[in-house]
Amino acid sequence: MVEAVLIDLFSLPANLENIQGLLGNTLQTIEKCSSIPAPFVYVICRQRQGSERKDEHESLLPALGDFQSLKTRLEVVRGLTTAAALYTIKKQLDEKDISIIKIILPTLRKDLMKVYIDHLFTAVYQFEFEDLQVASDCKNLQTAETWSEEQTFPTQDVELIRSEIQMYLESLPSLKGELTILRSSLIPDDIFLHGFTTRTGGISYIPTLSSCNLFSSSKRRDPQAVVKENLRRLANAAGFNPETFHRVKVDHANAVYIMGKTEPDSYDGIVTNQKGVTIAAPGADCIPVLFADPVRKACGAAHSGWKGTLLGVSMATVNAMVCEYGSNVKDILVVLGPSVGPCCYKLPHESAKEFHRIDPKCVRLFDSASPYIDIRKATRILLENGGILPENIQDDSVTDQDQNVTFCTACHPDKFYSHFRDGTNFGTQIGFISIKD
């Protein structure tokens, strides 16, 4: 069932003689054919540069005033660009948790609109399309084309739309305060650029994603365009090039990608000795782990959740640096970033047994059905067993809390995202590192 209807009048001249009649007929069809409750209806129009929204809105009032059942669910949204208007509507759809949308629009706007949707929405949303026309019965509202075909829009026009979207997103204010980066004193900043992100300073507005979310997927409502803008702001603040940024392709396992070789389909560790290339690992409870060898000038990043920890992804990353770049294991520095702590994280007893085998200190309340697990301690023990010097590992065991970067993500909702705390539509922070030129 359609939850919202978007009527696209953006391309039609404001002084078009029959604009009110066209809109009135369309609204009449929606009102007559809607189920109870009626869908939310958004009318998208162009805002002329320097014009007042109120004055332009009044020109549509006669067409809008007769639809009592839609009155409280009907809104005119104006924007200087389609991107601005559509993103404004997206915010309202997200506030209402709406996912099924019908768009009624001029035929010539259909391919154009599909490109905007492809960049501003994700697979969470379902769109149907209908030609804007004077309708005399309900058939037009009941039958519509669902967008599934391949994109055939000219490449140059797609680039123009992408540029318009990018310019609009760049103009948006940062949310939840300034962008903040946590840095470790263990990694020498004369050789490496590194940091761990927090959730502030981006443009993501959905509560569980707000505001510097750095991951997009088909299951979440933040599109890639928004994540790209958040990354651009991070890169600007941190001083790296977002065009040479590489993030692990998470598989919750222990594969490691050696930059310069064939890239696997998925991997949880990545290493490089190339200057100016920034590598990163995500985390939203899982540990983003950074590795730095100041002697051989090589670095790595790994994503270590409970499965990856048990599979030894951190030592796999260390071993890749040793094998590929001749690193001495005693020279490698390792920093564990923000992640869920043993204060909050539970696993079923069967999974907890695996951590108990590493060391009983990795499990609290072992005899319970869901013991508390310390994936950080397990990571440290496995690294030390592999030859990493204890003093070359920084985690939450640091005595000087001013130096701590391994905060519990679940305990600090103002600073970090947490899958454990926030559920399926959660945001993601990252740990990143690069070798300075």
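One structure accompanies this document, and this report is about it. (Residues numbered from 1 in each chain as written. Predicted model: local features only at pLDDT ≥ 70, side-chain atom pairs only at ≥ 80, totals over all residues. Heavy atoms only, no water.)

1. Side note on the side chain of Ser314
Note the following rule: Numbering of helices and strands starts at the N terminus; helices are DSSP runs of H or I of at least 4 residues and strands are runs of E of at least 2. For this analysis, residues touch if any pair of their heavy atoms sits within 4.5 Å.
Along the chain, the position of Ser314 falls in helix H10 (residues 313-325). Apart from residues lying up to four places away in sequence, Ser314 is in contact with Val289, Phe291, Ser304, Thr379 and Leu383.

2. Re the sheet that holds strand S10 (residues 256-258)
Basically, it comes down to this: Two strands pair if DSSP finds at least two bridges between them.
With mixed pairing, six strands are arranged side by side in an open sheet as S10-S11-S14-S13-S15-S18. Strands at the two margins of the open sheet, each flanked by one partner only, are S10 and strand S18 (393-394). With two bridges connecting them, strand S15 (residues 333-336) and S18 associate as parallel partners. Across the sheet, residue Val334 finds its bridge partner in S18, namely Ile393.

3. Topic: the packing of helix H4 (residues 82-95) against helix H7 (residues 155-171)
Our working definition: Each axis is a line fitted through C-alpha atoms, and for a helix only the stretch in contact is used; angles between axes span 0 to 180 degrees, taken between their N-to-C directions. For classification purposes, angles smaller than 35 degrees are called roughly parallel, those larger than 145 roughly antiparallel, those between 65 and 115 roughly perpendicular, and all remaining angles oblique. By definition, turning the near helix anticlockwise from the far helix through less than a right angle yields a left-handed crossing, and turning it clockwise yields a right-handed one. Throughout, the ten residues Ala, Val, Leu, Ile, Met, Phe, Trp, Tyr, Cys and Pro are labelled nonpolar, Asp, Glu, Lys and Arg are labelled charged, and all others, Gly among them, are labelled polar.
Packing of H4 against H7 leaves a shortest axis separation of 9 Å and a crossing angle of 60 degrees. The orientation of H4 with respect to H7, classified from their angle, is oblique. For the pair H4 and H7, the crossing hand works out as right-handed. Where H4 approaches H7, its residues Thr82, Ala83, Ala84, Tyr87 and Thr88 are matched on the opposing element by Glu164, Ile165, Tyr168 and Leu169. A per-class count over the contact of H4 with H7 returns six nonpolar, two polar and one charged.

4. Overview of H7
Just so we agree on the cut-off: A helix's residues, less one, multiplied by 1.5 Å, set its expected span. When a residue's accessible area, from a 1.4 Å probe over protein chains only, is under 20% of the maximum for its type it is buried; when over 50% it is exposed; and in between it is partly exposed. The arc in question is the one traced by the directions running from the helix axis out to the C-beta atoms.
The end-to-end C-alpha distance of H7, which contains 17 residues, comes to 25 Å, matching closely the 24 Å that a straight helix rising 1.5 Å per residue would cover. For H7, every residue scored as buried is listed here: Val158, Ile161, Ile165, Tyr168 and Leu169. For H7, the buried positions fall inside an angular range of 100 degrees around the axis, keeping them on one side. Along H7, exposed side chains directed more than 90 degrees from the buried face belong to Thr155, Gln156, Leu160, Met167 and Ser171. Elements that come into contact with the buried residues of H7 comprise H4, helix H5 (110-120) and helix H8 (224-238).

5. Some words on the packing of aromatic side chains
Formally: Side-chain rings of Phe, Tyr and Trp, where Trp is taken by its six-membered ring, are said to pair if the distance between their centres is within 6.5 Å; with planes under 30 degrees apart they count as stacked, over 60 as edge-to-face, and otherwise as tilted. Charge-over-ring placement is defined geometrically: NZ (Lys) or CZ (Arg) within 6 Å of the ring centre, and within 35 degrees of the ring normal.
For the structure shown, the criterion picks out ten aromatic pairs. Aromatic pair Tyr345 and Phe420: ring centres 6.2 Å apart, planes at 75 degrees, arrangement edge-to-face. Residue Tyr345 is found in the loop between S15 and helix H11 (349-358), and its partner Phe420 is found in helix H13 (residues 419-422); the two are separated by 75 residues along the sequence. For Tyr345, a relative accessible area of 14% translates into the label buried. Chaining the aromatic ring pairs together yields one cluster made of Tyr87, Tyr168 and Tyr205. One cation-aromatic arrangement involves Lys90 over Phe121; the distance from NZ or CZ to the ring centre is 5.9 Å. Just above the ring of Phe129 sits the side chain of Lys114; from NZ or CZ to the centre is 5.5 Å.

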